[in-house]
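Each chain, letter by letter, is given below.
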Amino acid sequence: MVAEAEAELESVDWLSAAAAIASISAVGIALGLGLPLLSVILERRGISASLIGANSAVAGLASLAAAPLVTPIAQRIGVRVAMLAAIVVAGLSAIGFYVFTPFWTWFPLRLTFHFSITALFVLSEFWINASAPPRKRGLVLGIYATVLSLGFAAGPWIFSQTGSEGFLPFGIGAGVIFLSAIPLFFAWDREPAISKDRRRGSFWRYVYAVPTATGAVLIFGAVESGGFTLFPVFGERVGFSEAAAAQLLTAVGIGNVVMQIPIGLLSDRVRDRRTLLAICAAVGLVGTLCLPILVHDWWLMASVLFVWGGVVAGLYTVGLAHLGSRLPAADLADANAAFIFCYSAGMLVGPQAIGSAMDLFGPGGFAWSLAVFFAIYLALALGRMVAARSS
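As recorded by an unreviewed UniProt entry, the chain carries the name MFS transporter and is attributed to Jiella avicenniae. Regarding the chain, the UniProt comment filed under Subcellular location (unreviewed entry) reads as follows: "Cell membrane".

Moving on, we come to the overall build of the chain. Summing up its helical and strand segments, the chain has 16 helices and 0 strands in all. At 20 Å, the chain has a C-alpha radius of gyration in line with the 21 Å of a compact globule built from 391 residues. The 391 residues of the chain split such that 60% are buried. Once local pairs closer than 6 in sequence are excluded, the contacts in the chain between residues at least 24 apart make up 87%. Of the roughly 15,500 Å² that the chain leaves accessible, carbon and sulfur atoms contribute 69%. Counting 22 positive and 20 negative side-chain charges, the chain places the averaged centre of each group 7 Å from the other.

Interhelical geometry of helix H12 (residues 273-290) versus helix H13 (residues 298-312) gives an angle of 150° and a closest axis separation of 8 Å. Taken together, the axes of H12 and H13 lie roughly antiparallel to each other. For the pair H12 and H13, the sense of crossing is left-handed. Between H12 and H13, the residues in contact are Cys280, Val283, Gly284, Gly287 and Thr288 and Trp308, Val311 and Val312, respectively. Its residues placed into classes, the contact of H12 with H13 shows 5 nonpolar, 3 polar and no charged.

Along the polypeptide, Thr214 turns up in helix H10 (residues 211-237). A relative accessible area of 4% places Thr214 in the buried class. Apart from the residues lying within four places of it in its own chain, the contact partners of Thr214 are Tyr206, Val207 and Cys342.

The next point concerns the packing of aromatic side chains. A full pass over the atoms with the stated rule returns 14 aromatic pairs. Here the aromatic rings of Phe231 and Phe234 are separated by 5.6 Å at their centres, their planes lie at 50°, and the arrangement is tilted. Highlighted residues: Phe231 and Phe234, both in helix H10, separated by 3 residues, approximately one helical turn. There is no split in this pair, since Phe231 and Phe234 are both buried. With centroids separated by 4.8 Å and ring planes inclined at 85°, the aromatic side chains of Trp298 and Trp299 adopt a geometry described as edge-to-face. Given the relative accessible area of 22%, Trp298 is considered partly exposed. The class of Trp299 is exposed, set by a relative accessible area of 66%. Counting every residue linked through ring pairs, the aromatic cluster contains Phe220, Tyr316, Phe339 and Tyr343.

Below, the discussion takes up a nonpolar patch on the surface. A cluster of nonpolar side chains, namely Leu69, Ile73, Ile77, Val81 and Phe115, defines an oily patch on the protein surface of about 390 Å² accessible area. If you tally residues by element for the nonpolar patch, the top one is helix H3 (residues 49-77), at 3 residues. Looking at the element boundaries, Val81 is found in helix H4 (residues 79-99).

Per the stated rule, a full pass over the model turns up 3 salt bridges. Between Asp272 and Arg274 there is a salt bridge; the shortest N-O distance is 3.0 Å. Assigned by exposure class, Asp272 and Arg274 land together as buried.

Across its 26 residues, helix H5 (residues 106-131) extends 37 Å between first and last C-alpha, which sits within 8% of the 38 Å expected from 1.5 Å per residue. For H5, the buried fraction is high: 20 of the 26 residues fall into the buried class.

Before going further, it helps to spend a moment on the nonpolar core. Counting 129 residues, the largest nonpolar core has Phe121, Tyr144, Met301, Leu315, Tyr316 and Phe366 as its most contacted members. Among residues more than four places away in sequence, those in contact with Met301 are Phe231, Phe240, Leu248, Leu291, Leu294 and Val295.

The next thing to look at is the state of the cysteines. By definition, a disulfide links the sulfur atoms of two cysteine residues through a covalent bond. Counting across every chain of the model gives 0 disulfides. For Cys290, which is in no disulfide, the shortest distance to another cysteine sulfur is to Cys280 and amounts to 17 Å. No disulfide involves Cys342; its sulfur sits 18 Å from that of Cys280, the nearest cysteine.

Our next topic: helix H15 (residues 332-361). When the terminal C-alpha atoms of H15 are compared, their 42 Å separation across 30 residues agrees well with the 44 Å that a helix rising 1.5 Å per residue should span. In terms of burial, H15 is a largely internal element, 22 of the 30 residues being buried. Backbone geometry just after H15 places Gly362 at a positive phi near 80°.

Calculation notes
- Residues numbered from 1 in each chain as written.
- Predicted model: local features only at pLDDT ≥ 70, side-chain atom pairs only at ≥ 80, totals over all residues.
- Heavy atoms only, no water.
- UniProt positions renumbered as here; feature names shortened; annotations may be inferred.
- Helix = DSSP H or I, 4+ residues; strand = E, 2+ residues; numbered from the N terminus.
- Rg over C-alpha atoms; globule rule 2.2 N^0.38 Å.
- Buried < 20%, exposed > 50% of the residue type's maximum accessible area, 1.4 Å probe, protein only.
- Contact = heavy atoms within 4.5 Å.
- Areas by Shrake-Rupley, 256 points an atom, 1.4 Å probe, with all protein chains shown as cover.
- Lys, Arg positive; Asp, Glu negative; His and termini not counted.
- Charge placed at Lys NZ, Arg CZ, Asp CG, Glu CD.
- Axes fitted to C-alpha atoms, helices over the stretch in contact; angles between N-to-C directions.
- Parallel < 35°, antiparallel > 145°, perpendicular 65-115°, else oblique.
- Left-handed = near helix turned anticlockwise from the far one by under 90°.
- Nonpolar A, V, L, I, M, F, W, Y, C, P; charged D, E, K, R; others polar.
- Phe/Tyr/Trp six-rings, centres within 6.5 Å; stacked < 30°, edge-to-face > 60°.
- Patch = residues over 30% accessible without salt bridge, like charges linked within 9 Å, V, L, I, M, F, W, Y side chains within 5 Å.
- Salt bridge = Lys/Arg side-chain N within 4 Å of Asp/Glu carboxyl O.
- Expected span 1.5 Å × (residues − 1).
- Core = buried A, V, L, I, M, F, W, Y, C linked by side-chain atoms within 4.5 Å.
- Disulfide = S-S within 2.5 Å.

As structure tokens, this is what we get:
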């Protein structure tokens with residue numbers, strides 16, 4: 001009986017995990033398509049990099065506002081209903097970017113779109129984390145990150161094929177978001193329950209409870225949002241075509257796809273996940289510093305970005321596994337919300353900082369600003385490791 005109980009404890013609820021993974025990964029396709037699409041359109045309309053960054057930073061504001069609210073809402077109406085509502089709002093907002101052309105209208109559209117997307121990420125990751133037993137958490141989250149990265153890689157590739165003209169790219173993005181509702185119906189009766197014992201206001205303490213995890217996702221949010229938003233602008237300014245720059249983003253996404261399961265498996269075997277997080281940050285720092293000297297060779301840059309993108313995405317995968325390993329299951333809903341809150345804070349800071357650096361220092365500001373983010377986190381991770389060993 002003990003052996004059976006242990007086997008049950010270590011089994012993964014694959015149907016539940018697969019439904020949540022498939023749903024949020026479909027949204028990843030829309031995000032991978034939408035971030036460069038919107039930036040290229042604004043660049044073509046004569047909007048400065050700083051204003052493009054400011055508009056993108058609204059995504060971070062929306063996510064910051066949403067993260068503390070998602071768990072209480074889902075606790076009241078249920079995880080699956082909250083996710084379906086978010087899917088509908090996100091899909092309609094995606095169409096709104098095509099319908100409304102004045103620049104100021106894109107600020108409220110970013111707000112509603114990313115509020116909904118944040119709700120989907122918080123609830124999906126809570127669902128996935130709740131489905132994964134401790135000794136398999138890295139594997140399950142690695143699968144999640146792989147499928148999500150596949151979506152992010154597919155998005156820029158779709159953009160490179162459709163271009164930025166007409167309704168087609170917007171229609172594809174909205175259609176994929178609406179289709180993400182389908183997997184939820186396959187696991188309709190297997191949604192995870194949010195603990196009724198959660199304390200009001202408990203969300204905020206999780207922002208600081210595991211700083212190496214929340215710091216990792218904050219830096220990743222800044223790098224991913226700012227990088228995906230402004231890389232097409234950087235690419236065009238250093239001489240790449242619109243399609244070539246989009247395909248370089250696809251190389252980043254493919255690296256994510258290939259490396260997340262191995263990184264997840266490795267995180268289940270290392271004694272201290274902070275070591276792995278520090279390595280990811282170090283690779284990100286070195287790879288970023290190499291970007292300015294790679295702009296004359298598309299294939300060499302694509303190869304470096306393939307490795308760089310896969311390892312840097314480990315900040316998210318390993319950070320989420322580290323968070324889950326340090327907290328009990330009853331705390332996961334609020335902890336995941338805090339995790340996404342920090343990711344959203346990075347989304348707020350990243351595009352504005354990188355866009356301003358490009359306006360001040362030219363295309364080179366893109367790489368230098370990214371390097372600063374990685375250096376800050378590397379110092380944090382190494383400092384926490386030293387403090388842990390000395391205590």
